[in-house]
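Architecture at a glance
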Amino acid sequence: SQQGEEDPQALSIQEGENATMNCSYKTSINNLQWYRQNSGRGLVHLILIRSNEREKHSGRLRVTLDTSKKSSSLLITASRAADTASYFCATDNSGTYKYIFGTGTRLKVLA
Amino acid sequence: GAGVSQSPRYKVAKRGQDVALRCDPISGHVSLFWYQQALGQGPEFLTYFQNEAQLDKSGLPSDRFFAERPEGSVSTLKIQRTQQEDSAVYLCASSPLGPLTVGYTFGSGTRLTVV
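Below you will find a few notes about this structure. (Residues numbered from 1 in each chain as written. Chains lettered and ligands numbered in written order. Predicted model: local features only at pLDDT ≥ 70, side-chain atom pairs only at ≥ 80, totals over all residues. Heavy atoms only, no water.)

As for the overall build of chain B
- A count of helical and extended segments in chain B gives zero helices and 11 strands.
- The order of α-helices and β-strands along chain B, N terminus first, is β-β-β-β-β-β-β-β-β-β-β.
- For 115 residues, the compact-globule estimate of 2.2 N^0.38 gives 13 Å, and chain B sits close to it at 13 Å.
- In terms of its C-alpha atoms, chain B occupies a principal-axis envelope of roughly 40 × 25 × 20 Å.
- With 115 residues in all, chain B has 47% of them scored as buried.
- For chain B, restricting intrachain contacts to residue pairs at least 6 apart in sequence, the fraction spanning at least 24 positions comes to 53%.
- As presented, chain B carries roughly 5,400 Å² of accessible surface, and 49% of it is formed by carbon and sulfur atoms.
- The average position of the 11 basic charges and that of the 10 acidic charges among the side chains of chain B differ by 8 Å. (Helix = DSSP H or I, 4+ residues; strand = E, 2+ residues; numbered from the N terminus. Rg over C-alpha atoms; globule rule 2.2 N^0.38 Å. Buried < 20%, exposed > 50% of the residue type's maximum accessible area, 1.4 Å probe, protein only. Contact = heavy atoms within 4.5 Å. Areas by Shrake-Rupley, 256 points an atom, 1.4 Å probe, with all protein chains shown as cover. Lys, Arg positive; Asp, Glu negative; His and termini not counted. Charge placed at Lys NZ, Arg CZ, Asp CG, Glu CD.)

Topic: the environment of A:V44
- Residue placement: A:V44 occurs in strand β5 (residues 43-50).
- In this structure, the C-alpha to C-alpha distance between A:V44 and A:F88, residues 44 residues apart in sequence, is 9.9 Å.

Thoughts on the interface of chain A and chain B
- With 20 residues of chain A in contact, the opposing surface of chain B contributes 24 residues.
- Between chain A and chain B, a total of about 1,800 Å² is buried, with carbon and sulfur atoms accounting for 48% of that surface.
- For the pair chain A and chain B, the interface holds one salt bridge.
- For B:D56, the salt bridge is made with A:K98, and the minimal N-O distance between the two is 3.4 Å.
- Connecting chain A to chain B are seven residue pairs in polar contact (both at pLDDT 80 or more).
- Breaking the side of chain A that touches chain B down by element, the ones donating at least two residues are β4 (31-37) and β5 of chain A.
- Grouping the amino acids of the side of chain A that touches chain B by side-chain chemistry returns seven nonpolar, 10 polar and three charged. (Buried area = accessible area lost by both parts, 1.4 Å probe. Salt bridge = Lys/Arg side-chain N within 4 Å of Asp/Glu carboxyl O. Polar contact = N/O pair within 3.5 Å; in protein donor to acceptor, adjacent residues only side chain to side chain. Nonpolar A, V, L, I, M, F, W, Y, C, P; charged D, E, K, R; others polar.)

Details of the state of the cysteines
- Taken as a whole, this structure holds two disulfides over all chains when the rule is applied.
- Paired through a disulfide, A:C23 and A:C89 show a sulfur-sulfur distance of 2.0 Å. Taking the torsion about the sulfur-sulfur bond, which here is approximately 65°, the covalent link between A:C23 and A:C89 counts as right-handed. Here A:C23 is found in strand β3 (residues 19-24), whereas its partner A:C89 is found in strand β9 (residues 85-91), with 66 residues between them in sequence. A:C89 matches A:C23 in its accessibility class, with the two residues each being buried.
- For B:C23, the disulfide goes to B:C92, at an S-S distance of 1.8 Å. Around the S-S axis, the bridge from B:C23 to B:C92 shows a dihedral of about -65° and counts as left-handed. (Disulfide = S-S within 2.5 Å.)

So, the sheet that holds strand β1 (residues 5-7) of chain A
All names here are of chain A.
- An order of β1-β3-β8-β7-β6 is seen for the five strands of this open sheet, with the pairing classed as antiparallel. What marks the edges here is a single partner per strand, and that holds for β1 and β6 (55-58). Across this sheet, the average inter-strand angle for adjacent strands is 20°, counted without regard to direction. (Pairing = 2+ DSSP bridges. Axes fitted to C-alpha atoms, helices over the stretch in contact; angles between N-to-C directions.)

A look at the pairing of strand β11 (residues 110-114) of chain B
Residue and element names in this part refer to chain B.
- Of the two faces of β11, only the one carrying T110, L112 and V114 is buried; R111 and T113 on the other face are not.
- Here strand β9 (residues 88-95) runs beside β11; their pairing, made up of three bridges, is antiparallel. Considered in β11, the bridge of A88 is made with L112.

Considering the sheet that holds strand β7 (residues 65-68) of chain B
Residues and elements named next belong to chain B.
- Here four strands make up an open sheet; going across it, the order is β1-β3-β8-β7 and the pairing antiparallel. Either end of the sheet is taken by a strand with one partner, and the two such strands are β1 (5-7) and β7. The average undirected angle you get between the axes of adjacent strands in this sheet is 15°.
- As paired elements, β1 and strand β3 (residues 19-24) share three bridges and run antiparallel to each other. Note on β3: the bridge partner recorded for Q6 is C23.

Some points on the packing of aromatic side chains
- Within this structure, the stated rule accounts for 12 aromatic pairs over all chains.
- Geometrically, the ring pair formed by B:Y35 and B:Y104 is tilted, given 6.3 Å between the ring centres and 50° between the ring planes. Highlighted residues: B:Y35 in strand β4 (residues 31-37) and B:Y104 in the loop between β9 and β10 (105-106), separated in sequence by 69 residues.
- Under the relative-accessibility criterion, B:Y35 is labelled buried at 0%.
- With relative accessibility at 2%, the residue B:Y104 sits in the buried group.
- Aromatic rings pair up to connect A:Y35, A:Y99, A:F101, B:F33, B:Y35, B:F45, B:Y48, B:Y104 and B:F106 into one cluster. (Phe/Tyr/Trp six-rings, centres within 6.5 Å; stacked < 30°, edge-to-face > 60°.)

Put into structure tokens, the structure is as follows:
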């Protein structure tokens, strides 16, 4: 079964706009990751945030984590057509090696 | 190698046929994972190896699924007597041992279609 749920399931925006995706999870975690998956390809790791961190930045990506609400958000600023992909959060399920993925948000950025 | 390599990229199997999917992880990566991804869903954990030891196979859906990593590098996921519900993308990932700092490295996956 899948641990997390991303919200929204699908998002369509214009190039240059910001995109925000949310992830909720069920168990306690040591860290949470976000991955991108282009159609028909493998997953690419974007960013890892630890349970004692509240916010992390990487280029145009900003991730927040609220462990009290068991939720995380991924913000992509100034989106580009190349950002079109599915985005997944993954949690380490109480600190085990076994990462559990959410259901994903399908982002479409229109040129 | 530079990345995780999976083969074949695509496999069409007739129902009842046995298939073998190969994963070549990044050299030196101790941990190796197999995930199954159904269409429109997130990846679901199948099994985990640390070197040649299969430490967790709790996600394997039935006894028709079998995975091995005999020399602690290349891994093979075998599915016997394939069924239509086995149709999915099978993803392999590897990582160094120890606290995760940079995430898994995934291969491009094998898309299995059972007809």
